[in-house]
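Architecture and fold: a report
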Amino acid sequence: MSDIGGPIGDDPRLTAAEYALGLLTGDEARAFEAEMAKDPALAAEALGWGERLARLAETEVPDVAPPKALRRKVERRVFGRSRRRPLWIGLGGLAAAAVVAVAVITVGPQFTPGAAQPEYVATVSSDDESLVMRAAYQSQTGLLDLVLESGEPPPGRVLELWAIAGDEAPVTLGILALGEHQVPLSPDLASALNSGLVLAITDEPPGGAPGGVPTGNIMAAAPLTSV
Amino acid sequence: MATRGQVEEWIGRCALGDRKAFVQLYDATSAKLFGVALRVLNDRAEAEEVLQEIYVRIWQNAGRYASNGLSPMSWLITIARNRAIDRLRARKSGGGRGEMEEVADLADAAPGPEAQTIAAGEAARLAACLETLPEGRAEAVRRAYMEGETYAELAERFAVPLNTIRTWLRRGLISLRECLSV
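These numbers were taken from a predicted model, which means no experiment stands behind them.

1. Focus on the sheet that holds strand S1 (residues 120-125) of chain A
What links the strands of a sheet is backbone hydrogen bonding, and the strands pair in either a parallel or an antiparallel sense. Residues and elements named next belong to chain A. Strands sit in the order S5-S4-S7-S8-S1-S2-S3-S6 across an open sheet of eight strands; the sheet is antiparallel. Because the sheet does not close on itself, it has two edges, and the strands there are strand S5 (171-176) and strand S6 (179-184). Pairwise comparison of adjacent strand axes, ignoring direction, gives a mean angle of 20 degrees for this sheet.

2. A short note on unusual backbone geometry
Negative phi characterises most residues that are not glycine, and trans characterises most peptide bonds. Residues and elements named next belong to chain B. The phi dihedral of Asn42 falls on the positive side, at around 55 degrees, and the residue is not glycine. As for its placement among the helices and strands, Asn42 is situated in the loop between helix H2 (19-41) and helix H3 (44-61). With relative accessibility at 69%, the residue Asn42 sits in the exposed group.

3. With respect to the interface of chain B and chain A
Contacts between chain B and chain A engage 72 residues on the former and 58 residues on the latter. Together chain B and chain A conceal approximately 6,000 Å² of surface at their shared face, both sides included; 65% is due to carbon and sulfur atoms. On the chain B side of the interface with chain A, the three residues burying the most area are Arg19(B), Arg170(B) and Arg177(B), jointly 12% of the side's total. There are eight salt bridges connecting chain B and chain A. In this structure, the salt-bridge partner of Arg166(B) is Glu28(A), at a minimum N-O distance of 3.3 Å.

4. Some details on the nonpolar core
In terms of nonpolar packing, the biggest core is built from 82 residues, with Leu33(B), Ile54(B), Tyr55(B), Ile58(B), Leu76(B) and Leu176(B) touching the most fellow members. When residues in this core are grouped by element, the largest group, 11 residues, is from H2(B). Once you skip the residues sitting within four places of it in the chain, Leu76(B) turns out to touch Val7(B), Ile11(B), Leu25(B), Thr29(B), Leu33(B) and Ile58(B). Counting 27 residues, the second largest nonpolar core, distinct from the first, contains Leu148(A), Ala163(A), Val183(A) and Leu193(A).

5. Quick word on the pairing of strand S4 (residues 158-165) of chain A
Residue and element names in this part refer to chain A. By the criterion of burial, S4 is predominantly enclosed, with eight of the eight residues buried. Both faces of S4 are covered, namely the face carrying Val158, Glu160, Trp162 and Ile164 and the face carrying Leu159, Leu161, Ala163 and Ala165. Where S4 meets strand S7 (residues 197-204), eight bridges bridge the pair, whose relative direction is antiparallel. Looking across to S7, one finds that Leu161 is bridged to Ile201. Hairpin geometry of S4 and S5 is characterised by an intervening segment of five residues between the two adjacent antiparallel strands and by a positive phi of about 55 degrees at Gly166.

6. What about helix H4 (residues 72-92) of chain B?
The end-to-end C-alpha separation of H4(B) is 30 Å, in line with the 30 Å expected for 21 residues at 1.5 Å each. Taking burial as the measure, the 21 residues of H4(B) include 18 buried ones, the bulk of the element.

7. Notes on the confidence of the model for chain A
Residues and elements named next belong to chain A. For chain A, per-residue confidence averages 78 on the pLDDT scale, and 80% of positions sit at 70 or higher. Counting contacts from residues 1-7, a segment whose pLDDT is below 50, to residues more than four positions away or on other chains yields 16 contacts. In this model, residues 81-103 is a region of pLDDT below 50 whose contacts with residues beyond four sequence positions or in other chains number 46 contacts.

About the criteria used
- Residues numbered from 1 in each chain as written.
- Chains lettered and ligands numbered in written order.
- Predicted model: local features only at pLDDT ≥ 70, side-chain atom pairs only at ≥ 80, totals over all residues.
- Heavy atoms only, no water.
- Pairing = 2+ DSSP bridges.
- Helix = DSSP H or I, 4+ residues; strand = E, 2+ residues; numbered from the N terminus.
- Axes fitted to C-alpha atoms, helices over the stretch in contact; angles between N-to-C directions.
- Buried < 20%, exposed > 50% of the residue type's maximum accessible area, 1.4 Å probe, protein only.
- Contact = heavy atoms within 4.5 Å.
- Buried area = accessible area lost by both parts, 1.4 Å probe.
- Salt bridge = Lys/Arg side-chain N within 4 Å of Asp/Glu carboxyl O.
- Core = buried A, V, L, I, M, F, W, Y, C linked by side-chain atoms within 4.5 Å.
- Expected span 1.5 Å × (residues − 1).
- pLDDT = per-residue confidence, 0-100.

Below is the structure:
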């Protein structure tokens, strides 16, 4: 390394500063990275500038609270990041779906929360958290354990739970009431867990959505993510 | 304000897929990172979009934090700043990819715990040293880092030829380096 007081343009330590400042072109930056790989002192120099500049920004750039709704968007994007768009949009479309008789979800006889380790979990909650449902799936039993901790449908309506695999039409899992429930996942839905399966709750007329197609508002939605 | 140790622990737990730790990290750091993105982009809607990308990247790269040598907050700010500048350059070039993608991995490319040992007072020291530079140099350094301005843009801003601005800024960086190593 030449001395810092040497001719302008030759000192690699200045290039390290320019690199940290983002002033190098793509080609120059790649050439400098090759140099850094061979020269730990140079890498440390660039890192030192990066650290100092980041701290300068930390000190000088004022905090700005992002909008509250962004937090949920970030969570959706991070935890459901295999999706290119929010899945619940699919719920709004009147995609053709098989007519499925809507069963009222019943408490499973052998349901013992926490008895086995679930492989997939989801917390499905509305933005104001007035509705919160937790879900856990175990492949051994093929059952989805559900706990609706809070949440009331609008007057004269019921809550209906849906599973959405990728861009497929939503499949009803039944009508939801407060408390613990257990519902089997069909092999098709279970096989979609890897690529992303979203649970969504809508409000529907008594008896459930006519024709097995959601018609009400989406009250909450979240992907099942692997534990 | 979260401590350095807390931020470090949250990042470490994100690497293990701990969603709760991620949310805690978001709550503790999103205002700072949103501020950084806003400073670069000067556009709320774009900054909101980029903030999401920033946290996706943090979640995905958390496992690489331990070896990168930056302090936890600096690592987060570096990611935020680089993603925002990526977006800014894509905007300026009419939708093409920016060139920060490689530079975004600065921390990954540079091994060693060196920077970790830089004391918190160093930021204040850098600020103080910037004030000793001739007119315009400190502004150029801040515009390059915090607003992503290139040599070409700085040359235009200060109405001097491209070669001149580079020589001018590099002289400033020499002085800065000397001031910092005293």
